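Examination of the molecular architecture
For reference, the chains in residue letters:
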Amino acid sequence: MRNVSKRQMSHTLSMREELPKIVFFGTPDIAVWVLSELEWCGIVPSLIVTKPDTPQGRKMIMTASPVSVWAQERGIEVYKPPTLKSDEVIEKLRDCGGELFIVAAYGKIIPQHILDIPKYGTLNVHPSLLPLLRGASPIRSAILNDMHHTGVSIMLLTAGMDEGPILAQRAVDISPHEWPISGRVLDERLSRVGGVLLAETIPLWVRGDIAPTEQEHSRATYTKKITKDMAEISLADDSYQNLLKIKAYDGWPTAYFFYEKNGKRVRINIIDAHIEDNALTLTRVVPEGKKEMSWETFLRGEGV
């Protein structure tokens, strides 16, 4: 991302000695990109809280979260509690000396009594211009809703779902030649913008130079948790709406449809597509049980 101005960076770095001890809650790549931008600005957490290792792949190998890997590579302490409700967790977070908690895609609801532990409260990086797109899937929902204009918000986290007061916001406009943008590309772009904005905001917040602004709750919109069944499309549906789904579900859960060929009903995962002559044109697909190939290759009979 690296779009911090020299003046902003100078200010951020000059405040480094005044920065509080930070505890960071996060789990997936989205949180890693936030951490990477913070690190580049000279802000590194003393403790990382992430979800426990989970079984991954066909062999179900226990795998650490991306945030855990990032922290271990830097020698930062990692804490992986299975729940945040135990007395042990509360004691750990109280005793770790954290003066500011930061949350970015942690993946669990954090109880209010934990949010209240640090001296400077708990900040959250949310990839939308709140109060728009509250909830579990703001980035992918922006694509589904054809929203070229989106952004990130830094808010003071409260018990209500993305209802906390705003400390800072930054708009991000996607250029027409990029739209609709792939979900994983927008994931990284907004996360890195969020990391930079957070790095600029923390010193000001700690100094008391920012007054939290209450959200306009009457304007709030909400997103749903994305599930695998939502990714099925019908090629008979509107081409542009299908393209938005393909881009939004990029990586996971991946848009798909069923195709009848040679008496077989084959599930086709769509990797990429575009609009040509007002029609949806598939380019890269993964037929069930096969490797990725072009749609033309599949139609020639090499995919079944």
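Preceding block: the structure.
Considerations on the nonpolar core
Soluble, globular proteins show a tendency: their nonpolar side chains are buried together. Phe 24, Leu 38, Leu 123, Leu 198 and Ile 202 are the most contacted members of the largest nonpolar core, which has 48 residues in total. When residues of this core are assigned to their parent elements, the largest contribution, 9 residues, is made by helix H7 (residues 183-207). Apart from the residues within four sequence positions on either side, Phe 24 is in contact with Ala 31, Val 34, Leu 35, Leu 38, Pro 45, Leu 47, Ile 48, Val 49, Ile 102 and Ala 104. Among the nonpolar cores identified, the runner-up in size contains 19 residues, and Val 23, Cys 96, Ile 110 and Leu 130 belong to it.

A short note on the side chain of Thr 201
With respect to the helices and strands, Thr 201 occurs in helix H7. Contact partners of Thr 201, with chain neighbours within four places excluded, come to Ile 154, Leu 167, Ala 168 and Ile 210.

Observations concerning the packing of aromatic side chains
With the rule as written, the count across this model stands at 8 aromatic pairs. Measuring from centroid to centroid gives 5.9 Å for Phe 257 and Trp 295, while their planes differ by 70 degrees, and the two rings are edge-to-face. Of the two residues, Phe 257 sits in strand S12 (residues 256-261) while Trp 295 sits in helix H9 (residues 295-302), which places them 38 residues apart along the sequence. Looking at Phe 257, the relative accessible area reads 3%, which means it is buried. The exposure class of Trp 295 is buried, given its relative accessible area of 12%. Between Tyr 259 and Phe 298, the aromatic rings sit 5.5 Å apart at their centres with planes inclined by 70 degrees, giving edge-to-face as the arrangement. Of the two residues, Tyr 259 is situated in strand S12 and Phe 298 in helix H9; the sequence distance between them amounts to 39 residues. By way of ring pairs, the aromatic residues Phe 257, Tyr 259, Trp 295 and Phe 298 are connected into one cluster. Its guanidinium or amino end placed over the ring of Tyr 79, Lys 92 lies 5.6 Å from that ring's centre, counting from NZ or CZ.

As for the sheet that holds strand S13 (residues 264-276)
An order of S12-S13-S14-S15 is seen for the 4 strands of this open sheet, with the pairing classed as antiparallel. Each having just a single partner strand, S12 and strand S15 (293-294) make up the two edges of the open sheet. Here strand S14 (residues 279-287) runs beside S15; their pairing, made up of 2 bridges, is antiparallel. Bridge pairing links Val 285 to Met 293 in S15.

Considerations on the sheet that holds strand S7 (residues 122-126)
Strand order in the open sheet formed by 7 strands is S5-S2-S1-S6-S7-S9-S10, with mixed pairing between adjacent strands. Two strands close off the open sheet at either side, each with one partner strand: strand S5 (77-79) and strand S10 (166-173). Adjacent strand axes in the sheet meet at a mean angle of 20 degrees when their direction is disregarded. The pairing of S7 with strand S9 (residues 149-156) spans 4 bridges and is antiparallel. For Asn 124, the partnering residue across the bridge sits in S9 and is Met 155. Contacts from helix H3 (residues 66-73) reach strand S1 (22-26), strand S2 (47-49) and S5, with the element oriented near 155 degrees to S5. Strand contacts of H7: S1, strand S6 (100-104), S7, S9 and S10, with the helix running at about 150 degrees to S10, the strand carrying the most contacts.

Some words on unusual backbone geometry
Residue Pro 131 is bonded to the preceding Leu 130 through a cis peptide linkage, with omega at 15 degrees. Assignment of secondary structure puts Pro 131 in the loop between S7 and strand S8 (134-135). In this model, Trp 252 is joined to Pro 253 through a cis peptide bond whose omega is 0 degrees. Following the sequence through the fold, Pro 253 ends up in the loop between helix H8 (239-248) and S12.

Here we look at the packing of helix H2 (residues 29-40) against H7
In the contact formed by H2 and H7, the axes pass within 8 Å of each other and the chain directions differ by 40 degrees. Relative to H7, the element H2 lies oblique. When you trace H2 past H7, the crossing you get is right-handed. Of the residues in H7, those touching H2 at Ile 30, Trp 33, Val 34, Ser 36, Glu 37 and Leu 38 are Arg 184, Asp 187, Glu 188, Ser 191, Arg 192, Gly 195, Val 196, Leu 198, Ala 199 and Ile 202. Partitioning the contact of H2 with H7 into residue classes produces 8 nonpolar, 3 polar and 5 charged.

What about the environment of Ser 175?
Its location among the elements puts Ser 175 in the loop between S10 and H7. As for Ser 175 and Pro 81, which are separated by 94 residues in sequence, their C-alpha atoms are 41 Å apart.

Quick word on the pattern of salt bridges
Using the criterion set out here, one finds 13 salt bridges in the structure. The partner of Arg 140 in a salt bridge is Asp 187, with the nearest N and O atoms 2.7 Å apart. Placement of the pair is Arg 140 in helix H6 (residues 138-144) and Asp 187 in helix H7, with a sequence separation of 47 residues. Relative accessible area serves as the criterion here: at 12%, Arg 140 is assigned to the buried category. Looking at Asp 187, the relative accessible area reads 10%, which means it is buried. The shortest N-O distance in the salt bridge between Arg 207 and Asp 209 comes to 3.3 Å. Judged by its relative accessible area of 44%, Arg 207 is partly exposed. According to the relative accessible area criterion, Asp 209 is partly exposed, its value standing at 46%.

What counts, and where the lines are drawn
Residues numbered from 1 in each chain as written. Predicted model: local features only at pLDDT ≥ 70, side-chain atom pairs only at ≥ 80, totals over all residues. Heavy atoms only, no water. Core = buried A, V, L, I, M, F, W, Y, C linked by side-chain atoms within 4.5 Å. Buried < 20%, exposed > 50% of the residue type's maximum accessible area, 1.4 Å probe, protein only. Helix = DSSP H or I, 4+ residues; strand = E, 2+ residues; numbered from the N terminus. Contact = heavy atoms within 4.5 Å. Phe/Tyr/Trp six-rings, centres within 6.5 Å; stacked < 30°, edge-to-face > 60°. Lys NZ or Arg CZ within 6 Å of the ring centre and 35° of its normal. Pairing = 2+ DSSP bridges. Axes fitted to C-alpha atoms, helices over the stretch in contact; angles between N-to-C directions. Parallel < 35°, antiparallel > 145°, perpendicular 65-115°, else oblique. Left-handed = near helix turned anticlockwise from the far one by under 90°. Nonpolar A, V, L, I, M, F, W, Y, C, P; charged D, E, K, R; others polar. Salt bridge = Lys/Arg side-chain N within 4 Å of Asp/Glu carboxyl O.

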